[in-house]
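# Architecture at a glance
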Amino acid sequence: MAHKFEIYKDKAGEYRVRFKYNSEIMFSTEGYSSKTSAQNAIDSIKKNGPDAPVEDIS
């Protein structure tokens, strides 16, 4: 699979989500206190991401 979400624990002990494409990290989230919250973030991205507008602030 060329792309995937990963849930991992950072050095502070918080759960974070990162999205990887071809082994390159495309983005990662803020830290969450529970793994369930990290999974909820993934679910939200999957649900709301396809319809998210692109804002060019360059």
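Here, the structure is the one placed above.
Residues numbered from 1 in each chain as written. Predicted model: local features only at pLDDT ≥ 70, side-chain atom pairs only at ≥ 80, totals over all residues. Heavy atoms only, no water.

### Quick notes on the pairing of strand E2 (residues 15–21)
In this sheet, E2 lies alongside strand E1 (residues 3–9) in antiparallel orientation, the contact comprising seven bridges. In the strand pairing of E2, Ile 7 is matched with Val 17. The turn linking E1 back onto E2 is made up of five residues, and Gly 13 within it adopts a positive phi angle of 90°. Hairpin connection of E2 to strand E3 (residues 24–28): two residues between the antiparallel strands, including Asn 22 at a positive phi of 50°. (Pairing = 2+ DSSP bridges. Helix = DSSP H or I, 4+ residues; strand = E, 2+ residues; numbered from the N terminus.)

### Thoughts on the sheet that holds E1
By way of backbone hydrogen bonds, the strands of a sheet pair with one another, either parallel or antiparallel. Pairing in this open sheet of three strands is antiparallel, and the strands run E1-E2-E3 from one edge to the other. Every interior strand has two partners, whereas the edge strands, E1 and E3, have only one. Here the strands of the sheet are splayed against their neighbours by 35° on average, with no regard to which way each runs. By the bridge criterion, four bridges tie E2 to E3 in an arrangement that is antiparallel. Counterpart to Lys 20 in the pairing with E3 is Ile 25. Across the sheet, helix H1 (residues 35–48) lies against E1, E2 and E3, angled at about 160° from E1, the strand it touches most. (Axes fitted to C-alpha atoms, helices over the stretch in contact; angles between N-to-C directions. Contact = heavy atoms within 4.5 Å.)

### Topic: the nonpolar core
If you look at the biggest cluster of nonpolar residues, it comprises six residues: Tyr 15, Val 17, Tyr 32, Ala 38, Ala 41 and Ile 42. Elements with a minimum of two residues in this core: E2 and H1. With three residues, the single largest contributor to this core is H1. (Core = buried A, V, L, I, M, F, W, Y, C linked by side-chain atoms within 4.5 Å. Buried < 20%, exposed > 50% of the residue type's maximum accessible area, 1.4 Å probe, protein only.)

### What about H1?
For H1, built from 14 residues, the straight-helix expectation of 20 Å at 1.5 Å per residue is met to within 8% by its first-to-last C-alpha distance of 20 Å. All of the buried residues in H1 are Ala 38, Ala 41 and Ile 42. Across the axial projection of H1, the buried residues extend over an arc of 95°, all falling on one side. Opposite the buried face of H1, at more than 90 degrees from it, the exposed residues are Thr 36 and Lys 47. Along its buried surface, H1 packs onto E1 and E2. (Expected span 1.5 Å × (residues − 1). Arc of directions from axis to C-beta.)

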